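Each chain, written out:
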Amino acid sequence: SRRRNRRSSKQHGDESFLCLVAKVACTLLFICWVGIHVYISSRRRLSWGDVSIIYSKDQSIQRYGLKNKNKGGSTFPYFHLDSHQSNNDVFGISQKMEQIRMSSRSQSSHRSNKSGDFSQFFIEVARLKNEFTKLYGGENSARFLLHSGITTFQPSGRRENQTDVKSIPYGLTHTATRILNAKRNNRPFKVSFAGYSVTVGRGNYFHQSYPFVLEKLLKKPMSFLGITLQIRNAAIGGVPSFPYGWCLENFLGEDVDVISWDFSMNEAGGVPNGLEAYIRHAMTLRRKPMMIVKDTGRNIAARRRELLQDYVDFGVLKDPVVLSIEDAMEEFATLSEDILPIGLREWRKFGAPKGAPGQAPHHPGVKEHELLGWLLAMHFLASLELVASDLVMDANVDKDPYNLVMPPPIYSKNVNPSELLSLFFGTEMSSHNATPMSWEMGPVYCRTTYDPILNGKLQDMVRSGSLGEDLDVMLPRGAKFYKHGWVLDLGKSEKLAKKMLQRYGGLGYIDSKQAYYGIYGSGSLELFIPCLGRDDISQSMENEDMVKHRARDCFKHLVVCEVNEKHITGHECRLDKDVSFRVGGVLSEITKPINMTGTSYWGRNICFDVDVPSKSILSNLGKSKETG
């Protein structure tokens with residue numbers, strides 16, 4: 001990319017380096033591109049940067065579920081439990097399974113009873129249920145928290161017979177099928193969490209975040225079933241759902257069994273657009289993973305829950321759940337702390353030393369993370385009971401007959417420019433074999449400088465014009481450094497936050513928002529973007545040196561995103577006005593900001609669509625000139 005010199009030399013001479021960087025330095029961190037081969041060659045089926053939310057007094061109490069010690073109700077309540085939920089939570093499922101095991105033992109069944117091999121598992125499940133009830137005020141209160149904090153979905157029109165084990169909720173059985181598939185294929189069961197600083201665990205130690213609470217609770221019972229559990233917390237502080245949603249394979253893994261969404265703070269008011277696009281991209285991963293949607297209360301986020309129900313009815317989602325601490329804690333909001341169960345006391349106390357970064361009102365304390373982990377663990381234990389009782393159909397999820405066929409999007413009207421609709425929601429299928437109103441997702445490839453990622457470093461695509469990749473990102477970079485090229489660095493606020501963390505030993509965090517920064521004197525940054533998914537083009541270019549292919553043969557969209565950080569002066573650089581792009585040797589004349597729920601930060605567009613000129617040419621890596 002080459003800066004357009006839009007300011008006078010006098011300005012350059014008068015401004016200090018720091019002022020110049022503050023005004024015009026821009027960042028390059030994500031590059032996503034969309035291959036169009038699926039359309040033309042085959043039809044296969046701040047605390048650390050988060051958006052702050054200002055709560056009213058009542059909302060704040062409801063959000064965190066507590067009043068002070070001297071106010072509120074003095075009698076701990078007894079809760080009415082929904083019979084359907086009670087029959088199908090881990091307590092009800094355990095009881096059903098025990099009855100079936102006893103019946104099997106008392107009869108000469110032709111069916112092999114394998115559950116006897118898992119006595120240690122059943123003992124551990126009983127221990128966990130007992131600990132859960134002790135922490136949260138007894139079985140009645142604990143089950144009420146579970147029923148309120150976890151929302152499951154059933155295809156509309158389907159009704160379970162509460163006495164028929166074959167009619168256990170479809171979501172539970174499908175989750176059990178996923179787990180059984182991991183066991184029978186002798187592979188780990190992989191759960192990857194996405195989101196921002198709440199899921200990262202800001203204000204606490206990284207290992208105290210709820211993904212690792214879940215790991216601690218489930219690792220032993222799953223090991224007794226012969227299953228290895230792998231938990232990955234890939235959340236990044238202050239990142240919206242896109243461009244993250246284009247990079248799910250990079251952050252979460254291509255073969256993950258369960259993923260999460262936790263971007264409600266940046267998509268306030270329950271707007272469903274960003275979640276819908278995220279779901280559609282998630283379903284392009286190999287195992288069409290289970291979705292955990294960590295969201296606000298049902299009263300605020302009703303439309304997102306309706307969206308999940310729609311996608312369950314479409315058959316796209318099989319076993320999604322909503323995890324909501326607001327819903328779980330709503331009935332405990334008026335209780336004084338002295339009558340609360342031990343698991344809900346000292347609710348706002350953080351796990352990291354007092355004064356550590358991130359100890360802000362919108363970040364959960366350590367007890368909230370523990371409750372989130374317990375709620376998820378109890379949900380998964382119900383499915384593990386089905387696996388241990390040998391009551392799950394043997395279906396190979398790794399080779400499940402899913403394809404990329406999607407229903408028409410529900411919330412796609414606000415995408416601007418409209419030609420980028422396919423980047424979020426896919427395209428309508430035109431094949432004569434397609435079901436009416438069927439859509440499909442095209443391939444999206446991502447490269448990023450952010451961490452933590454499993455693959456796809458943007459740094460690996462840089463051919464020239466950069467420096468600093470081999471240096472400690474915390475070291476200062478002076479003005480002369482930036483005059484020699486684009487610099488891999490951290491923004492000012494990000495670096496300050498990292499320095500504050502170092503005083504507390506880093507607290508174990510692994511996320512980082514490093515990016516390429518440049519000024520007017522940094523010159524060009526040359527990247528080589530591979531043409532993925534088009535082996536026919538690669539082979540023809542290898543075999544016939546004179547054959548030329550247009551870049552548009554491979555790339556439908558090229559998206560460049562800047563680092564998401566708060567801008568103060570209003571004079572910072574813009575990728576569509578202060579940076580020029582040459583694609584395949586041709587200057588791109590059009591760079592448009594992308595407007596879509598989930599793609600902005602502090603009201604600023606952070607992603608831009610760079611037009612691929614019609615005359616842009618693909619080239620081999622060894623012969624790359626001004627290509628990218």
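Figured I'd write up the structure that's included with this text. These numbers come from a predicted model, not from an experiment. (Residues numbered from 1 in each chain as written. Predicted model: local features only at pLDDT ≥ 70, side-chain atom pairs only at ≥ 80, totals over all residues. Heavy atoms only, no water.)

1. Some words on the overall build of the protein chain
Phase 1: Helix and strand counts for the protein chain come out as 21 helices and 26 strands.
Phase 2: For the protein chain, the proportion of its 628 residues judged to be buried stands at 58%.
Phase 3: Looking at the protein chain as shown, the accessible area adds up to about 26,900 Å², and 50% of this sits on carbon and sulfur atoms. (Helix = DSSP H or I, 4+ residues; strand = E, 2+ residues; numbered from the N terminus. Buried < 20%, exposed > 50% of the residue type's maximum accessible area, 1.4 Å probe, protein only. Areas by Shrake-Rupley, 256 points an atom, 1.4 Å probe, with all protein chains shown as cover.)

2. Observations concerning the sheet that holds strand S4 (residues 150–152)
Phase 1: One open sheet holds the six strands; their spatial order is S4-S9-S8-S7-S5-S6, and the pairing between them is mixed. The open sheet terminates on both sides in strands that have one partner only, identified here as S4 and strand S6 (229–233). Strand-to-strand twist of the sheet, defined as the mean angle between neighbouring strand axes without regard to direction, takes the value 20°.
Phase 2: Together, S4 and strand S9 (321–323) form the strand contacts of helix H8 (residues 139–149), whose direction differs from that of S4 by roughly 55°. (Pairing = 2+ DSSP bridges. Axes fitted to C-alpha atoms, helices over the stretch in contact; angles between N-to-C directions. Contact = heavy atoms within 4.5 Å.)

3. Describing the state of the cysteines
Phase 1: The final tally for this structure, using the stated rule, is three disulfides.
Phase 2: One disulfide in the model links cysteine 531 with cysteine 554; its S-S distance is 2.0 Å. Disulfide cysteine 531 to cysteine 554: torsion about the S-S bond roughly 115°, handedness right-handed. Residue cysteine 531 is located in the loop between strand S18 (526–527) and helix H21 (535–543), and its partner cysteine 554 is located in the loop between H21 and strand S19 (555–561); the two are separated by 23 residues in the primary sequence.
Phase 3: The disulfide bridge from cysteine 561 ends at cysteine 607, spanning 2.1 Å between sulfur atoms. (Disulfide = S-S within 2.5 Å.)

4. Focus: helix H15 (residues 302–313)
Phase 1: The terminal C-alpha atoms of H15 lie 17 Å apart, and with 12 residues this matches the ideal 16 Å at 1.5 Å per residue to within 8%.
Phase 2: Residues of H15 that are buried include every one of Arg304, Arg305, Leu307, Leu308, Tyr311 and Val312, and no others. An end-on view of H15 places all buried positions within 155° of arc, on one side of the element.
Phase 3: On its buried face, H15 is in contact with S4, strand S7 (258–261), helix H14 (273–282), strand S8 (290–294), S9 and helix H16 (325–329).
Phase 4: Directly after H15, the chain includes glycine 315, whose backbone phi takes a positive value near 85°. (Expected span 1.5 Å × (residues − 1). Arc of directions from axis to C-beta.)

5. Some remarks on the pattern of salt bridges
Phase 1: Summed over all chains, the structure comprises 18 salt bridges.
Phase 2: Salt-bridge contacts for aspartate 327 lead to arginine 298; the nearest nitrogen and oxygen are separated by 3.7 Å. Of this pair, aspartate 327 sits in helix H16 while arginine 298 is found in the loop between S8 and H15, placing the two residues 29 residues apart along the sequence.
Phase 3: The buried category is assigned to aspartate 327, whose relative accessible area is 5%.
Phase 4: Here lysine 495 and aspartate 489 are joined by a salt bridge, their closest N and O atoms 2.8 Å apart.
Phase 5: Its relative accessible area of 11% is what places lysine 495 among the buried residues. (Salt bridge = Lys/Arg side-chain N within 4 Å of Asp/Glu carboxyl O.)

6. Things to note about the pairing of strand S16 (residues 486–489)
Looking along a regular strand, one sees side chains alternate from face to face of the sheet.
Phase 1: With burial as the criterion, each face of S16 is covered, one bearing Trp486 and Leu488 and the other bearing Val487 and Asp489.
Phase 2: Looking at chain direction, strand S15 (residues 466–467) and S16 are connected through two bridges and run parallel. Pairing of serine 466 across the sheet is with tryptophan 486, part of S16.
Phase 3: Pairing of S16 with strand S17 (residues 515–518), which is carried by three bridges, proceeds in the antiparallel orientation. If you follow aspartate 489 over to S17, its bridge partner there is alanine 515.

7. Here's the deal with the side chain of asparagine 204
Phase 1: Tracing the backbone through its elements, the reader meets asparagine 204 in the loop between helix H10 (197–200) and helix H11 (210–224).
Phase 2: Polar side-chain contacts of asparagine 204 include one of 3.1 Å to the backbone oxygen of proline 364.
Phase 3: What asparagine 204 contacts, discounting residues up to four positions off in sequence, is Phe350, Gly351, Ala352, Pro364, Gly365, Val366, His369, Leu507 and Tyr509. (Polar contact = N/O pair within 3.5 Å; in protein donor to acceptor, adjacent residues only side chain to side chain.)

8. Description of the environment of glutamine 502
Phase 1: Position of glutamine 502 among the secondary structure elements: in helix H20 (residues 492–502).
Phase 2: Among the residues examined, glutamine 502 registers a relative accessible area of 52% and is labelled exposed.
Phase 3: On a C-alpha basis, the gap between glutamine 502 and alanine 356 in space is 9.9 Å, while along the polypeptide they are 146 residues apart.

9. Digging into the nonpolar core
Phase 1: Within the largest apolar cluster, 73 residues are counted, with the highest numbers of intra-cluster contacts made by Phe132, Phe189, Leu218, Ile292, Phe332, Leu371 and Leu375.
Phase 2: The dominant element in this core, judged by the number of residues it contributes, is helix H17 (residues 366–388), at 14 residues.
Phase 3: If we ignore the near neighbours within four places in the chain, the residues touching phenylalanine 132 are Phe91, Ala142, Leu146, Trp374, Leu375 and Met378.
Phase 4: Residues Leu248, Leu252, Leu275 and Leu307 belong to the second largest nonpolar core, which totals 62 residues. (Core = buried A, V, L, I, M, F, W, Y, C linked by side-chain atoms within 4.5 Å.)

10. Notes on the sheet that holds strand S11 (residues 427–428)
Phase 1: Strand order in the open sheet formed by three strands is S10-S12-S11, with antiparallel pairing between adjacent strands. Looking along the sheet, the strands with just one partner apiece sit at the ends: strand S10 (405–406) and S11.
Phase 2: Of the pairings in the sheet, the one linking S11 to strand S12 (residues 439–440) comprises two bridges and is antiparallel in character. By the bridge assignment, glutamate 428 is partnered in S12 with tryptophan 439.

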